[in-house]
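This is what each chain is made of:
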Amino acid sequence: MNLFRSEEHAGRWLEHYGYKAGATITAGQLCDLAHAWWSDRLEPDWRPHTRDKNQAILERLGLTGEFWQLP
Amino acid sequence: MDEGDLRIRNHVYRRFVELGRAPTFAELKDELGDDVESALRRLHDAHALVLEPNRTEIRMANPFSAVPTPYRVEADGRSWYGNCAWDAFGIPAALHVDGHASSACPDCGEPIEIDIRDGRPVPDEHVFHVAVPAAHWWDDIVFT
């Protein structure tokens, strides 16, 4: 899970190492995802997110399709 | 996850924030008692934190990393490492403060410096690549 300067840089890095391309999102989308996923992490009444709650976060942010399906 | 394990989990996170690093197992045992080892193993199995392989030291209390990574984060006057870019952005989110993430492009090595202000990246010009499908994130969370 890496940050790149651009999609072009990500693509070149994947090709260089022979990695299969996964999914690419913008830094803005990543901020939204990080906030939804982690913002309750230090709350005293924190409880583990259920699988369905996490899947709903992904879907709300438009991260849908087989790649984003949690087990 | 029972209330006792949640209490230990919350203690680990609180100490991580206070110390700017992971509490050691020795510190946790001193602070929480002899039962902490079995609790940490249950929390690891529940993906509530990650232990080092075959040890009782903390490796991750996501989004915080106990070991240096390419994702350094400054927030609230202190600094931590995120396990990945997602976690790096997650540290200011968890602390509910603005922050700054420092990294480098894995392709070209150019420094990447991003402020997180009011939940937005400045500049907003980089991209985040996820290599592993969500169904397999926890198969090897360190690689993911």
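Note that the coordinates shown come from a computational prediction; the quantities given were computed from them, not determined experimentally. (Residues numbered from 1 in each chain as written. Chains lettered and ligands numbered in written order. Predicted model: local features only at pLDDT ≥ 70, side-chain atom pairs only at ≥ 80, totals over all residues. Heavy atoms only, no water.)

Section: the interface of chain A and chain B
How we decide: Between two residues, a contact is recorded if the distance between any of their heavy atoms is within 4.5 Å. We define buried area as the total accessible area lost by two parts upon association, computed with a 1.4 Å probe and summed across both. Only one rule defines a salt bridge in this text: a Lys or Arg side-chain nitrogen within 4 Å of an Asp or Glu carboxyl oxygen.
The interface is formed by 41 residues belonging to chain A together with 48 residues belonging to chain B. Summed over both partners, the interface of chain A with chain B buries about 4200 Å², with 67% contributed by carbon and sulfur atoms. Of all residues in chain A, A:Met1, A:Leu3 and A:Trp38 bury the most surface against chain B, accounting for 22% of the area lost on that side. Summed over the shared surface of chain A and chain B, the number is 3 salt bridges.

Digging into the sheet that holds strand S1 (residues 2–4) of chain A
The pairing of strands in a sheet happens through backbone hydrogen bonds and is either parallel or antiparallel. Put simply, the test is: Whether two strands pair depends on DSSP finding at least two bridges between them. Put simply, DSSP marks the helices as runs of H or I at least four residues long and the strands as runs of E at least two long, and each gets a number from the N terminus on. Between N-to-C directions, angles cover 0 to 180 degrees, with each direction set by a line fitted to C-alpha atoms, over the stretch in contact for helices.
Read from one edge of the open sheet, 3 strands run S1(A)-S9(B)-S2(A), paired in antiparallel fashion. Only two strands of the sheet have a single partner each, and these edge strands are S1 and strand S2 (23–26) of chain A. Neighbour-to-neighbour, the strand axes of this sheet turn through a mean angle of 30 degrees, independent of strand direction. Here S2(A) pairs with strand S9 (residues 127–130) of chain B via 4 bridges, running antiparallel. The partner of A:Thr24 across the bridge, within S9(B), is B:His129. Lying on the sheet, helix H1 (residues 7–17) of chain A is in contact with S1 and S2 of chain A together with S9 of chain B; it crosses S1(A) at an angle near 125 degrees.

Quick word on the side chain of B:Arg15
Residue and element names in this part refer to chain B. Put simply, the rule reads: Between N or O atoms, a polar contact is any pair within 3.5 Å; within protein, one atom must be a potential hydrogen donor and the other a potential acceptor, and residues adjacent in sequence are included only when both atoms are from side chains.
Along the chain, Arg15 falls in helix H1 (residues 3–19). Separated by 2.7 Å, the side chains of Arg15 and Glu18 make a polar contact. Excluding residues within four positions of it along the chain, Arg15 makes contact with Gly20, Arg21, Pro23 and Glu31.

Thoughts on the layout of surface pockets
What counts, and what does not: Buriedness of a pocket was judged along seven lines, with at least five required to meet protein on both sides within 12 Å; pockets are open sets of points on a 1 Å grid over the protein atoms alone, cavities are sets where a 1.4 Å probe fits but cannot get out, and lining residues have an atom within 4 Å of a point. Grid points are joined across faces, edges and corners, and a volume is the space filled by probe spheres set on the points.
Reported here for the second largest pocket is a volume of approximately 190 Å³. Every residue lining the second largest pocket is listed: B:His44, B:His47, B:Val50, B:Leu51, B:Glu52, B:Pro53, B:Arg59, B:Trp138, B:Asp140, B:Ile141 and B:Val142.

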